[in-house]
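Tertiary structure, described
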Amino acid sequence: MASNPSAVTLKIEFGGGLELLFSNQRSHKVSLPATVPNDNTTAIPVPENEPTKPADVTYLIHYLRDHLLKERAELFVENGTVRPGILVLINDTDWELEGEGDYVVKDCDEIVFISTLHGG
Amino acid sequence: MSSCGNPATEQDALMTRRQKFDKSKTCVKCKEHQGHIVIRHAVYCKTCFFPLVSTRFRKVLGPTINPARSAAKAANVRGGRLRGRLEAPGSLLIGFSGGLGSTALLDLVAKSYFYRSSSASAPPPEAAEDNSSKGSEHPSNKSREDGESGGVWKGKPAVCYVEVASILPGARDRTEDVRAIVQSYCDPASKFEIDFIPLRLEDAFDKTWWKSVGGSDIDRAAKDLGINISNENLPINTRDSSSTPLESLHTYLSSLPTPTAVHSAISSLIRVLLIYTAASREASHLLLGSTLTSLSVNMISGIAQGAGFAMVSEGVEEVWKTKDQSIRIVRPLRDIGIKESAFWSYWSNLRIVGRERYPTTVSPVPNTGDESVKVASAMIKNQRLTSIDALTQDFIMGLEKDYPSTVSTIARTIAKVTTKEKSVEGGCVVCQRPAQPNVQQWKARISIRSYHDEAFVKSKHPLPPHFTAPPTLDEVEAPSTSPLPISTHELAPRLCYACHTTFTSRSSRGSATTDSVVLPLPEWVKASFHTNTGTSATVIGSDDEAGELQEEHWRKRQVTQSEMKEQIGEFLLDDTGPE
């Protein structure tokens, strides 16, 4: 039986103006630990003797806020999840169909964040 | 976590999360494929998503294309099957803001009604099947034979974009990005073209633009006129007319009393710029990219600012009319949420230019150097929470996330409401929308207008923070420091409630200055000042011999009860009864 990888590599994409908050770059590659703290603290390496969970989209959001976001965190994150008006696609599918923040990320998943906050 | 005390439940049991979709993850339409998107609790796959959105789009736009022939047809604009050829009486103008709605709108219009061959953003194969299912008479099929626009609208279609970067310090000018997007829909092989008309917000104060759209001549005496907004009757005063359009725009927006007013004024200016541009091209249709979501935001914030009359009296059919022209302003995405627009744009690989959020404070002078950019940037940081529009948008976005069906209910409810009164002739001269009659009388009846009003004094309400003592009557009604007006005429009677409130609402923090402020006026307002009496237009009086203007003779003032009795005393019946 193959051993579980200790990290998952994800392709992240931003659209609808969100890229401005992330160094004006649409595509990013991030590597998350496969197991992360329950409380979504994003210090690397993961502290030992802490309750853990598999890395999920909620953790990814916290990770992006703490490590990639350059400014105005409140425009991306609110109450532990993405701000209302930001859509999330997991492998080209609405995250509402995949369990939203509870979706456990797998290696090579593609997560897209699109802001709809300036529509019309 | 506290318990509800019900012994029948498990201790520490958490309420199960409400599911975002009904039943299963299979597409509700084809019932075969796995779903890719949830739209108001219904699951759709990618294949079914495209025809769903384009059908909803055509269902809204289609019935408005041909001229309304009868009341029965007009009443059924949203339903029924269209029969016969689609033939608009004029050309087409699409208002483009750079946002998701506009981007999706342009793509939908091109795919549904015009030939489109841009390989840079080719539709997915599933979307192409949608067109081939139509008959040969369908405009999209006909257009492929002609190589021209679909034959539905006359002349060349056009996209109009209004750049607002000049009032946003540090903002990027996106005109060329938008031009590139419009260009991508042109097809040299079939000679299909879309015109691109770039405008700037300051064009509203530019006589060159006004002339270019065929605007009527502005009387010489009217060219220097502005309104004094420190007086709620908005008397028309002269002002220095040597400022550039950009300086006039900054003066106009920076002098408005509240952040909400700034946002509202910008939206209004853009709307009228688009209307006159459409009129200059003899357009019969002006399409705007407001989605269901942004429509709901606009409705709630509009009603909060007193624009409910215009919204409701227009209803679904919004028409701008002059004696020679009639332009239908249609929002074909009104049944399509912002989420669907975003998915359409993403799955169609459309480039999204984006748009800036309108500011709620504007500097009094145009930015010329870096220092002013820093100061203004600091102002912009705190703007999110200060306007009705920003608060409404945050509220509706939250609602859409948690209760998506309620957002569509807002728009549908507005469609069911009507007004008791008819609009005044000509509508509001500033926003060009229907205006209810007797706005000022209504305001006088419902509000406390002065700190010396009996009702205010009796209420013992605390004074606003900028007053340490009740102002004396002299302070409140101090003589204006501006030059003597050349006429006693006022703009207020020609405004709708919302525009009047935009100019005269009082912030609870008070204004920075009590000096009179004379605002420049947009060109179309100045053009409405005529020299002839007997029209509904404002008449201006002048001592200028060369002006040859006539003076207005009517002046309103409130009379006391004893004066009223004196006037009509001889007609009153004796209370003592017959002898």
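As the structure is a computational prediction, the values presented were derived from the model and not from experiment.

1. Regarding the side chain of Ser268(B)
Along the chain, the position of Ser268(B) falls in helix α9 (residues 259–280). Those residues within four positions of Ser268(B) in sequence are excluded, and the remaining contacts are Val430(B) and Cys431(B).

2. Some thoughts on the sheet that holds strand β11 (residues 518–520) of chain B
Residue and element names in this part refer to chain B. A sheet is described by the order of its strands in space; here three strands give the open sequence β7-β6-β11, paired in antiparallel fashion. Sheet topology places β7 (236–238) and β11 at the edges, where each strand pairs with a single neighbour. Neighbour-to-neighbour, the strand axes of this sheet turn through a mean angle of 50°, independent of strand direction.

3. Some words on the nonpolar core
Residue and element names in this part refer to chain B. Counting 73 residues, the largest nonpolar core has Leu 201, Leu 253, Val 430, Leu 491, Phe 503 and Trp 524 as its most contacted members. In terms of residue count, the dominant contributor to this core is α9 (13 residues). In this structure Leu 201 touches Val 162, Glu 163, Val 164, Ile 167, Leu 249, Leu 253, Ile 266, Leu 269, Ile 270 and Leu 273, once residues within four positions along its chain are discounted. Residues Tyr 44, Val 53, Ile 65 and Leu 86 belong to the second largest nonpolar core, which totals 55 residues.

4. A look at the state of the cysteines
All names here are of chain B. Tallied over the entire structure, the rule returns zero disulfides over all chains. Here Cys 186 is not cross-linked by a disulfide; its sulfur's nearest cysteine counterpart is in Cys 160, at 15 Å. The cysteine Cys 499 is free of any disulfide, with Cys 428 supplying the nearest cysteine sulfur at 3.6 Å.

5. What to know about helix α16 (residues 439–446) of chain B
Residues and elements named next belong to chain B. When we look at burial in α16, the residues that qualify are Val 439, Gln 440 and Lys 443. The buried residues of α16 occupy one face: seen down the axis, they fall within an arc of 95°. On the buried face of α16, the contacting elements are α19 (497–504).

6. Things to note about the packing of helix α3 (residues 100–113) of chain B against helix α12 (residues 338–347) of chain B
All names here are of chain B. Look at α3 against α12: their axes get within 9 Å of each other, and the N-to-C directions meet at 65°. Crossing of α3 over α12 shows left-handed handedness. Along the contact surface, α3 presents Leu 100, Gly 101, Thr 103, Ala 104, Asp 107, Leu 108 and Lys 111, while α12 presents Ile 338, Ser 341, Ala 342, Trp 344 and Ser 345. Along the lines of polarity and charge, the residues of the contact of α3 with α12 split into six nonpolar, four polar and two charged.

Here is what the cut-offs are and how they apply
Residues numbered from 1 in each chain as written. Chains lettered and ligands numbered in written order. Predicted model: local features only at pLDDT ≥ 70, side-chain atom pairs only at ≥ 80, totals over all residues. Heavy atoms only, no water. Helix = DSSP H or I, 4+ residues; strand = E, 2+ residues; numbered from the N terminus. Contact = heavy atoms within 4.5 Å. Pairing = 2+ DSSP bridges. Axes fitted to C-alpha atoms, helices over the stretch in contact; angles between N-to-C directions. Core = buried A, V, L, I, M, F, W, Y, C linked by side-chain atoms within 4.5 Å. Buried < 20%, exposed > 50% of the residue type's maximum accessible area, 1.4 Å probe, protein only. Disulfide = S-S within 2.5 Å. Arc of directions from axis to C-beta. Left-handed = near helix turned anticlockwise from the far one by under 90°. Nonpolar A, V, L, I, M, F, W, Y, C, P; charged D, E, K, R; others polar.

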